[in-house]
Structures are given as structure tokens and as C-alpha cells.
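Report on the structure
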Amino acid sequence: MKKNNISIKNALSVSPYTWEDSPVANPLRFDTNTLPFPPPGINIFLAEMKNMCPINEYGNPTYKELKQLLSEYEQISTDMITITNSGDEAIDILAKAFLNPGDYFVTTPPTYEMFMIQCIINNGRLREVPLNKSFKVNAKKLIWESKRERTKILFLVNPNNPTGSTIPNQQ
Ligand SMILES: Cc1ncc(COP(=O)(O)O)c(C=O)c1O
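Presented here is a report on the structure given in the accompanying data block. Here the residue numbers are simple positions, counted from 1 along each chain's written sequence. It should be noted that, the model being predicted, local features are given only for residues of pLDDT at least 70 and side-chain atom pairs only at 80 or more, the latter also being counted only at that level, while totals for whole chains, interfaces and linings use all residues. Calculated side-chain values reflect all of the structure's heavy atoms, with hydrogen atoms and water omitted.

Numbered from the N terminus, helices here are DSSP runs of H or I no shorter than four residues, and strands are runs of E no shorter than two. Helix and strand counts for the chain come out as six helices and three strands. The linear arrangement of helices and strands in the chain, starting from the amino end, is α-α-α-α-β-α-β-α-β. Our radius of gyration is a C-alpha quantity, and the globule rule it is checked against amounts to 2.2 Å times the number of residues to the power 0.38. Its C-alpha radius of gyration of 20 Å places the chain more than 25% over the 16 Å reference for a compact globule of 171 residues. Dimensions of the chain, computed from C-alpha atoms along their principal axes, come out at roughly 50 × 45 × 40 Å. Per-residue accessibility, obtained with a 1.4 Å probe over protein chains only, is compared with the maximum for each type, and a residue is labelled buried under 20%, exposed over 50%, and partly exposed between these values. Expressed as a percentage of its 171 residues, the buried residues of the chain come to 25%. As displayed, the chain has an accessible area near 13500 Å², and 57% of this comes from carbon and sulfur atoms. Positive charge is attributed to Lys and Arg, negative charge to Asp and Glu, and no charge count is given to His or to the chain ends. Here the site of a charge means atom NZ of a Lys, CZ of an Arg, CG of an Asp or CD of a Glu. Here the chain contributes 18 positively and 17 negatively charged side chains, and the mean placements of these two sets differ by 12 Å. Only the protein chains shown count as cover for residues, and all accessible areas are computed by the Shrake-Rupley method using a 1.4 Å probe.

Whether a set of points on the 1 Å grid over the protein atoms alone is a cavity depends on a 1.4 Å probe fitting there but being unable to get out, while an open set qualifies as a pocket with protein on both sides within 12 Å along at least five of seven lines; lining residues are those with an atom within 4 Å of a point. Grid points are joined across faces, edges and corners, and a volume is the space filled by probe spheres set on the points. Evaluation of the coordinates by the stated rule reveals one cavity of 30 Å³ or more. When its volume is computed, the largest cavity comes out at roughly 50 Å³. As for the largest cavity, its lining consists of Thr 108, Leu 131, Phe 135, Val 137, Val 157, Asn 160, Ser 165, Thr 166 and Ile 167. Charged means Asp, Glu, Lys or Arg here, nonpolar means Ala, Val, Leu, Ile, Met, Phe, Trp, Tyr, Cys or Pro, and polar covers whatever is left, Gly included. Along the lines of polarity and charge, the residues of the lining of the largest cavity split into five nonpolar, four polar and no charged.

Core analysis: the largest hydrophobic core is formed by 13 residues, its most contacted members being Ile 91, Leu 99, Phe 105, Phe 115, Cys 119, Ile 153 and Phe 155. Broken down by secondary-structure element, the contributors of at least two residues to this core are α4 (86-98) and α5 (114-121). When residues in this core are grouped by element, the largest group, five residues, is from α5. Throughout, a residue-residue contact means that at least one pair of heavy atoms, one from each residue, lies within 4.5 Å. When near neighbours in sequence (up to four residues on either side) are disregarded, Leu 99 contacts Leu 94, Tyr 104, Phe 105, Cys 119, Asn 122, Gly 124, Lys 152 and Ile 153. Listed in part, the six residues of the second largest apolar core include Val 106, Leu 131, Val 137 and Leu 142. The term nonpolar core refers to a set of buried residues drawn from Ala, Val, Leu, Ile, Met, Phe, Trp, Tyr and Cys, joined through side-chain atoms within 4.5 Å.

All axes here are fitted lines through C-alpha atoms, helices being fitted over the stretch that makes contact, and every angle between N-to-C directions spans 0 to 180 degrees. Contact geometry of α4 with α5 gives a least axis separation of 9 Å together with a crossing angle of 40°. One way to sum up the angle between α4 and α5 is to call them oblique. α4 and α5 meet at a crossing whose hand is right-handed. Only Met 114, Phe 115, Gln 118 and Cys 119 of α5 make contact with α4, whose side of the interface consists of Asp 88, Ile 91, Asp 92 and Ala 95. Among the residues making up the contact of α4 with α5, the classes are represented as five nonpolar, one polar and two charged. For this classification, under 35 degrees means roughly parallel, over 145 means roughly antiparallel, 65 to 115 means roughly perpendicular, and everything else is oblique. Helix crossings fall into two classes, left-handed where the near helix is turned counterclockwise from the far one by less than a right angle and right-handed where it is turned clockwise.

As a further point, take the site of the ligand. Residue proximity to a molecule or strand is established when one non-hydrogen atom of the residue lies within 4 Å of it. Taken together, Ser 86, Gly 87, Asp 88, Tyr 112, Val 157 and Asn 161 make up all the residues around the ligand. Polar contacts, as counted here, are pairs of nitrogen or oxygen atoms within 3.5 Å of one another; within protein the pair requires one atom able to donate a hydrogen and one able to accept it, and residues that are adjacent in sequence qualify only if both atoms are side-chain atoms. Here an oxygen atom of the ligand and a backbone polar atom of Gly 87 are 2.5 Å apart. For the ligand, an oxygen atom lies 2.6 Å from a polar atom in the side chain of Asn 161. Protein burial of the ligand: of its 390 Å² of free accessible surface, 56% is covered by the chains. Considered class by class, the residues forming the shell around the ligand number two nonpolar, three polar and one charged.

What follows is about unusual backbone geometry. Residue Pro 159 follows Asn 158 across a cis peptide bond; omega there is 0°. Tracing the backbone shows Pro 159 in the segment after β3 (151-154). Here the amide bond leading from Asn 161 into Pro 162 is cis, since omega sits at 15°, within 30 degrees of zero. One can find Pro 162 in the segment after β3. Of note, the phi angle at Asn 123 is positive, near 70°, even though the residue is not glycine. With respect to the helices and strands, the residue Asn 123 is situated in the loop between α5 and β2 (125-128).

Put into C-alpha cells, the structure is as follows:
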């Protein structure tokens, strides 16, 4: 019961993600991954879906076959792959898996807002290490924050949204 009250309070403290209305019709929305070209092979994919996709039943929830194909493509073990409905669900799962009430997560603002939303709703506490004026991460401070007690998740975005800045390998 106590945990529920904390969760409700935390959820109420978060503002929902909103779309900004545009003064013009059909604007290019770069916050929705606007790209002038369709993904390559989309027509082949859609034709195969039409003929072979059994949408009347759930698929295998372990995604065994898909994980196998992805692991061959990426040359990594299947244990390193988790299938989610978008990156946002992956962030939610990370928060649920690693954060107990009172644990901390670290972000590098300005960055993707959903880290904060998902982690606060899952009872995490925020610590911020802002990017500098050239949008570079403060690696020293991040390492220091990551070693603090109860820091459980560090979100490093490469390239970062919305700045597009990258974190060099050495850093
Ligand atoms: C850094 C970052 N992670 C995750 C996402 C979620 O992406 P999607 O839901 O398309 O997988 C976004 C979307 O903008 C993002 O910028």
C-alpha cells in the first residue's frame, strides 16, 4: 500500500509528453524521425506480411527465432538481445528491473525526456550531469556520479537527442 502511494505521487509529478502544435499545415517534424525516403525493401516486407503473417494469434513470446536472426546479423549472443515495443518500452523495463524506491538514475540534459518520465514513474530519483556549452558530456562528473551509492542507471545517448552530439570512444 505504501509503495502504491509513492508510485501515485511520483506519477502525478510527471508532465506527460506532448506534441507542439504547428502554425503551418504538414510541417517536417524532426522529433518524429522525419525521413524523406521509405525504409529500403518496404514493399517486399509488406507483400510478405500480407501473405504469411498469422495475425489471428499471439506469436512466440520468447521471440526465439527473431533473436537468433538478429544475433547472426549483429554478431552478438542472443543473451544480449531483448525485444521490446520501441525504445520507450525498453527504458520502462530497465527502470522496473533496476530501480527500487530511493535509487537514482543519471541523465545528461538536454537529452531524451522519456528517461526521466519512465524512471520517475518507476520510483527512481533523478541526478543530472548537464552537457557543456558545446554539448559534450562531463565524463569525470559522470564517473563520479556513477560510483555514488544507490546510482543504478546512467543514460548515455550516442548520438544524443536532441543535440545530435556524440561521445568519443575514449571518453
Ligand atoms: C534516445 C532515444 N531513445 C529512445 C527513443 C524511442 O524511440 P522508439 O520508440 O522509436 O524506439 C528515442 C526517440 O526519439 C530517443 O531519442
